[in-house]
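Listed here are the chains, written in short residue letters.
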Amino acid sequence: KKRLSKVSKDRALDVLTSNLPMLSIEYGHRRQVFLESDYDAGVFDRLYSTLKSRLVSGRSLAFIAIDPDRNHNGGCSRVMAMVKALREGGNKKIFGIVDSDNGANKPSDYIFVLEGRYSIENWVLDPLFLSAVLLRNQILTPEDLGLGDTMTYVRLGELTDAQKQTMIDRLTIILG
C-alpha cells in the first residue's frame with residue numbers, strides 16, 4: 001500500500017514533468033544545460049538521473065539538445081550562440097557544455113568545455129573519471145576499488161599504473 005510522503009520541490013517537479021522534456025518551469029533552482037546533440041543530452045541525462053539521488057544539491061538540471069538529429073555541423077558554435085543569446089535576454093540559468101574540438105573552444109562563466117577529449121562519452125565513460133566521481137560522492141569506498149583506506153578522489157593522480165589498472169578492473173567487476 002503506497003503512502004504519501006513529503007518530497008522537495010525539485011523531486012516533485014521531476015516526477016510531474018518526467019515525460020515533458022521541453023516544458024519550461026520558472027523555478028529558482030532549475031538549470032537548463034544545452035548540448036550539441038540528442039545523444040550528448042541523453043548521456044548527461046542518464047548520468048544525472050543515476051546519480052542525482054546521491055548528489056547534495058538544491059538544483060535540478062535539464063539537458064537540452066541544440067541539434068536533436070545530429071545532422072548538422074557546427075554544434076558547438078550553435079550551443080554557444082544559443083546560450084549567449086538567452087543569457088543576454090535575461091535568463092541567467094542557462095548553461096552549455098561543448099567538446100573541446102581540439103582546443104578550438106574556450107570556456108566561459110556559462111559555457112563548459114570538455115577539455116582533452118574528443119567527445120562527451122570519452123569523459124563520461126572513462127573508468128578513472130567514473131571512479132573519481134563515485135569516490136567523491138561516497139557511492140564507492142577506496143576499498144571497493146582495491147585502494148588503501150586513506151585514498152581520496154583528489155589523490156587518484158598519485159596512483160601508479162598498476163594501481164590504476166587494479167582500480168579499473170575492480171570498477172568493471174562492480175558495474176558488471
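Scroll up for the structure.
Residues numbered from 1 in each chain as written. Predicted model: local features only at pLDDT ≥ 70, side-chain atom pairs only at ≥ 80, totals over all residues. Heavy atoms only, no water.

K.L.:
I would appreciate a short explanation of the overall build of the protein chain in the present structure.
P.N.:
Along the protein chain, the regular secondary structure elements total six helices and four strands. For the protein chain, the sequential pattern of α-helices and β-strands runs α-β-α-β-α-β-β-α-α-α. Looking at the protein chain as a whole, 36% of its 176 residues qualify as buried. By sequence separation, contacts in the protein chain at least 24 residues apart represent 52% of the contacts at least 6 residues apart. For the protein chain, the accessible surface area stands at approximately 11,600 Å², while carbon and sulfur atoms represent 53% of it. (Helix = DSSP H or I, 4+ residues; strand = E, 2+ residues; numbered from the N terminus. Buried < 20%, exposed > 50% of the residue type's maximum accessible area, 1.4 Å probe, protein only. Contact = heavy atoms within 4.5 Å. Areas by Shrake-Rupley, 256 points an atom, 1.4 Å probe, with all protein chains shown as cover.)

K.L.:
Would you take a moment to explain helix H3 (residues 75-88) for this structure?
P.N.:
Within an α-helix, residues lying three or four positions from one another point in the same direction, as the helix has 3.6 residues per turn. Between its first and last C-alpha, H3 extends 20 Å over 14 residues, near the 20 Å set by a 1.5 Å rise per residue. If you check which residues of H3 are buried, you get Gly75, Cys76, Val79, Val83 and Arg87. The arc that holds every buried residue of H3, seen down its axis, measures 105°, which confines them to one face. In this structure, the buried side of H3 is in contact with strand S1 (30-37), strand S2 (60-67), strand S3 (94-99) and strand S4 (111-114). Immediately beyond the C-terminal end of H3, within one or two residues, lies Gly90, with a positive phi of roughly 115°. (Expected span 1.5 Å × (residues − 1). Arc of directions from axis to C-beta.)

K.L.:
Help me out: how do you make sense of the packing of aromatic side chains in this one?
P.N.:
Centre-to-centre distance and the angle between the planes together describe a pair of aromatic rings. According to the stated counting rule, one finds three aromatic pairs in the structure shown. For the pair Phe95 and Phe112, a centre-to-centre distance of 6.1 Å together with 35° between the ring planes defines the contact as tilted. Remark: Phe112 occurs in strand S4 and Phe95 occurs in strand S3; sequence separation between them is 17 residues. Note on Phe95: relative accessible area 18%, which makes it buried. Ring pairs connect the aromatic residues Phe44, Tyr48 and Phe63, which therefore count as one cluster. Positioned above the aromatic ring of Phe95 is the side chain of Arg87, whose terminal nitrogen or guanidinium carbon lies 5.2 Å from the ring centre. (Phe/Tyr/Trp six-rings, centres within 6.5 Å; stacked < 30°, edge-to-face > 60°. Lys NZ or Arg CZ within 6 Å of the ring centre and 35° of its normal.)

K.L.:
Got a minute to help me understand the sheet that holds S4 in this structure?
P.N.:
Remark on secondary structure: sheet strands pair via backbone hydrogen bonds, oriented parallel or antiparallel. Judged by pairing direction, the sheet is parallel, and its four strands sit side by side in the order S2-S1-S3-S4 without closing on themselves. Looking at which strands have only one partner, the edges of the open sheet turn out to be S2 and S4. Sheet twist, expressed as the average angle between the axes of neighbouring strands with direction ignored, equals 25°. Judged from the four bridges that link them, S3 and S4 form a sheet pairing that is parallel. Within S4, the position partnered with Ile97 by the bridge is Phe112. Against the sheet, H3 makes contact with S1, S2, S3 and S4, and its axis sits at roughly 165° relative to S3, the strand it touches most. (Pairing = 2+ DSSP bridges. Axes fitted to C-alpha atoms, helices over the stretch in contact; angles between N-to-C directions.)

K.L.:
Got a minute to help me understand the packing of helix H5 (residues 127-136) against helix H6 (residues 161-175) in this structure?
P.N.:
Geometrically, a packed helix pair is captured by the angle between its two axes and the distance between the axes. It is the contact of H5 with H6, at a shortest axis distance of 10 Å, that shows an interaxial angle of 75°. As far as their axial angle goes, H6 and H5 are roughly perpendicular. Residues Pro127, Leu128, Leu130, Ser131 and Leu134 of H5 lie in contact with H6, whose contacting residues are Lys164, Met167, Ile168, Leu171 and Leu175. (Parallel < 35°, antiparallel > 145°, perpendicular 65-115°, else oblique.)

K.L.:
Would you take a moment to explain helix H1 (residues 9-16) for this structure?
P.N.:
Within H1, burial applies to Asp10, Leu13 and Asp14. Within H1, the buried residues cover an arc of 105° as seen down the axis, which keeps them to one side. Exposed positions of H1 whose direction lies more than 90 degrees from the buried face are Lys9 and Leu16. Buried residues belonging to H1 abut S1 and S2.

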